[in-house]
Amino acid sequence: MAVAVGRGFLVQPSSSSSFLSKIINKPSFGITCTFSPAQPATPRRHSATVVRAQQRPTWLPGLDPPPYLDGSLAGDFGFDPLGLGEDPESLRWYVQAELVHARFAMAGVAGILFTDLLRVTGISNLPVWYEAGAVEYKFASTRTLFIVQLLLMGFAETKRYMDFVSPGSQAKEGSFFGLEASLEGLEPGYPGGPLLNPLGLAKDIKNAHDWKLKEIKNGRLAMVAMLGIFVQASVTHVGPIDNLVEHLSNPWHKTIIQTLANSGS
């Protein structure tokens, strides 16, 4: 739009409005206004940002997992800050080690809570869990129990290791006192069969990813709980049920913070 006042003053605004060419004359004021079509606007360029969603969840959102943790393993959330699983053979062993520790932790937490509940409620005269190993039992001495446990655990762990080295070898006829059909030997770490999978929840072990994931999640939670029970016993010198009862009796003043503060004083 051009505005002319008299003959010697010109104002050229920067407006880019598009109007039809039009001339308006107003002689009484001596002002001539001319509306001219603006130049075609330059097309705007829009930049598009493409956000690629993660293919699977990781232990830290937005973190790229290591290439060797591709999500195929049950419970794989890309957590390996020390790079322990870079070697494929080491990764296979760590998977089995975590699985065994998880199962022991689940059994240990369940056993501690159950026996501690019986002790606290007075149903049974049982020792607190961290003193149970020092108790003399009538049916066998501590030495006898230790030797029996050593033999049984040693046999089971040896068979597990042999199946790890040569998958399926322990399911062959004559390799397990005729009980091979009861174990089935689904894959290393998952013997299955009526003895260890009586409900038949994962007969097709290749398509049992959900069951594996549930087991390893509960196992990891149990390992953390077991660590907490260890620290709890070391600080308070009582069982977990005793600690729970004490906390519920005064929730605002009987917490982990007060307990740790009092233990250090």
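Residues numbered from 1 in each chain as written. Predicted model: local features only at pLDDT ≥ 70, side-chain atom pairs only at ≥ 80, totals over all residues. Heavy atoms only, no water.

- As annotated in an unreviewed UniProt entry, the chain is Chlorophyll a-b binding protein, chloroplastic from Melia azedarach.

### Looking at the overall build of the chain
- Scanning the chain for helices and strands turns up seven helices and four strands.
- Ordering the α and β elements of the chain from the N terminus gives β-β-β-β-α-α-α-α-α-α-α.
- The proportion of buried residues among the 265 residues of the chain is 19%.
- Here the analysis covers contacts within the chain between residues at least 6 apart in sequence; of these, 41% occur between residues at least 24 apart.
- Here the chain has roughly 20000 Å² of accessible surface; of this, 64% comes from carbon and sulfur atoms. (Helix = DSSP H or I, 4+ residues; strand = E, 2+ residues; numbered from the N terminus. Buried < 20%, exposed > 50% of the residue type's maximum accessible area, 1.4 Å probe, protein only. Contact = heavy atoms within 4.5 Å. Areas by Shrake-Rupley, 256 points an atom, 1.4 Å probe, with all protein chains shown as cover.)

### A few points about the side chain of Asp-76
- Relative to the helices and strands, Asp-76 resides in the loop between strand E4 (31-35) and helix H1 (88-121).
- The exposure class assigned to Asp-76 is buried, which follows from its relative accessible area of 11%.
- For Asp-76, the residues in contact, after removing those within four places along its chain, are Arg-56, Leu-69, Asp-70 and Gly-71.

### With respect to the packing of aromatic side chains
- Scanning the entire structure with this criterion turns up seven aromatic pairs.
- Where Trp-59 meets Phe-79, the ring centres are 4.9 Å apart and the plane angle is 85°; that geometry is what we call edge-to-face. One end of the pair, Trp-59, is in the loop between E4 and H1; the other, Phe-79, is in the loop between E4 and H1, with 20 residues separating them in the sequence.
- The structure contains a cluster of three or more aromatic residues connected by ring pairs, namely Trp-93, Tyr-161 and Phe-164. (Phe/Tyr/Trp six-rings, centres within 6.5 Å; stacked < 30°, edge-to-face > 60°.)

### A short note on the environment of Gly-111
- Tracing the chain through its elements places Gly-111 in helix H1.
- Since its relative accessible area comes to 32%, Gly-111 is described here as partly exposed.
- Once the C-alpha coordinates of Gly-111 and Trp-129 are considered, the two residues, 18 residues apart in sequence, prove to be 8.8 Å apart.

### Observations regarding unusual backbone geometry
- At His-237, a residue that is not glycine, the phi angle is positive and equals roughly 60°.
- Locating His-237 in the fold gives a position in the loop between helix H5 (209-236) and helix H6 (240-249).

### With respect to the environment of Thr-142
- With respect to the helices, strands and loops of the structure, Thr-142 is situated in helix H2 (residues 142-165).
- By relative accessible area, which is 32% here, Thr-142 ends up partly exposed.
- With near-sequence residues (within four places) excluded, Thr-142 lies in contact with Gly-133, Val-135 and Glu-136.

### Here we look at the pattern of salt bridges
- Here the structure, examined in full by the defined rule, presents seven salt bridges.
- For Glu-215, the salt bridge identified is with Arg-103, shortest N-O distance 2.7 Å. You can see Glu-215 sitting in helix H5 and its partner Arg-103 sitting in helix H1, a full 112 residues away along the chain.
- On the basis of relative accessible area, Arg-103 is assigned to the partly exposed category, the value being 30%.
- Through salt bridges with shared partners, one network takes in Asp-116, Arg-119 and Asp-242. (Salt bridge = Lys/Arg side-chain N within 4 Å of Asp/Glu carboxyl O.)

### Looking at the packing of H1 against H6
- Relative to each other, H1 and H6 sit at 65°, their axes nearing to 8 Å. Of H6, the residues touching H1 (which contributes Ile-112, Leu-113, Asp-116, Leu-117, Arg-119 and Val-120) are Pro-240, Ile-241 and Asp-242. (Axes fitted to C-alpha atoms, helices over the stretch in contact; angles between N-to-C directions.)

### What to know about the confidence of the model for the chain
- Here the chain shows a mean pLDDT of 78. Residues at 70 or above account for 75%.
- Under a pLDDT of 50 for its full length, residues 1-36 has, in the predicted model, 37 contacts with residues more than four places off or in other chains. (pLDDT = per-residue confidence, 0-100.)

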